[in-house]
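Each chain, letter by letter, is given below.
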Amino acid sequence: MRNEEFRKDRENTLIGKLSKGTAYERYAVENQILDKNNNFIEKKKGTSKFSFAFIYEDEIYGVWFDYVERKNIRFL
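## Things to note about the pairing of strand E2 (residues 59-66)
Link 1 in the chain: Summarising the sheet, strand E1 (residues 49-56) and E2 pair through 7 bridges and their orientation is antiparallel. Within the sheet, the bridge partner assigned to Tyr56 lies in E2 and is Glu59.

Structure follows, in structure tokens:
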């Protein structure tokens with residue numbers, strides 16, 4: 001979401017001036033995800049335990065946790 005009024009107000013603050021042109025500005029003002037990746041998604045292993053499922057846009061997602069390897073696993 002882009003809010004031009006917020007953006008103008010933010011640019012005139014100290015943190016707005018200090019972060020101008022930086023990755024932080026893209027994150028805090030432009031609402032960009034800076035570290036978007038799938039590193040936390042892996043295939044389910046035998047030590048994984050089911051935690052919960054949810055439906056998003058008519059797709060069912062299952063979420064598993066592996067307490068042995070300390071990882072989160074997501075399945076479609």
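## Focus on the packing of aromatic side chains
Link 1 in the chain: All chains considered together, the criterion is met by 4 aromatic pairs.
Link 2 in the chain: Relative to Tyr27, the ring of Tyr24 lies with its centre 6.0 Å away and its plane at 55 degrees, an arrangement referred to as tilted. On the criterion of helical spacing, the pair formed by Tyr24 and Tyr27 is a turn pair, its members being 3 residues apart in helix H3 (residues 23-28).
Link 3 in the chain: What makes Tyr24 partly exposed here is its relative accessible area of 39%.
Link 4 in the chain: Site record: aromatic cluster; members linked through ring pairs are Phe52, Phe54 and Tyr61.

## Some words on the side chain of Glu30
Link 1 in the chain: Relative to the assigned elements, Glu30 resides in the loop between H3 and E1.
Link 2 in the chain: By relative accessible area, which is 18% here, Glu30 ends up buried.
Link 3 in the chain: In terms of polar contacts, Glu30 uses its side chain to reach the side chain of Arg7, at 2.9 Å.
Link 4 in the chain: Apart from the residues lying within four places of it in its own chain, the contact partners of Glu30 are Arg7 and Glu25.

## Digging into the environment of Gly62
Link 1 in the chain: As for its position among the elements, Gly62 is in strand E2.
Link 2 in the chain: Taking the relative accessible area as the measure of exposure, Gly62 reaches 12% and is therefore buried.
Link 3 in the chain: Linking Gly62 and Ser51, residues 11 residues apart in sequence, is a C-alpha distance of 7.7 Å.

The rules behind the values
- Residues numbered from 1 in each chain as written.
- Predicted model: local features only at pLDDT ≥ 70, side-chain atom pairs only at ≥ 80, totals over all residues.
- Heavy atoms only, no water.
- Pairing = 2+ DSSP bridges.
- Helix = DSSP H or I, 4+ residues; strand = E, 2+ residues; numbered from the N terminus.
- Phe/Tyr/Trp six-rings, centres within 6.5 Å; stacked < 30°, edge-to-face > 60°.
- Buried < 20%, exposed > 50% of the residue type's maximum accessible area, 1.4 Å probe, protein only.
- Polar contact = N/O pair within 3.5 Å; in protein donor to acceptor, adjacent residues only side chain to side chain.
- Contact = heavy atoms within 4.5 Å.

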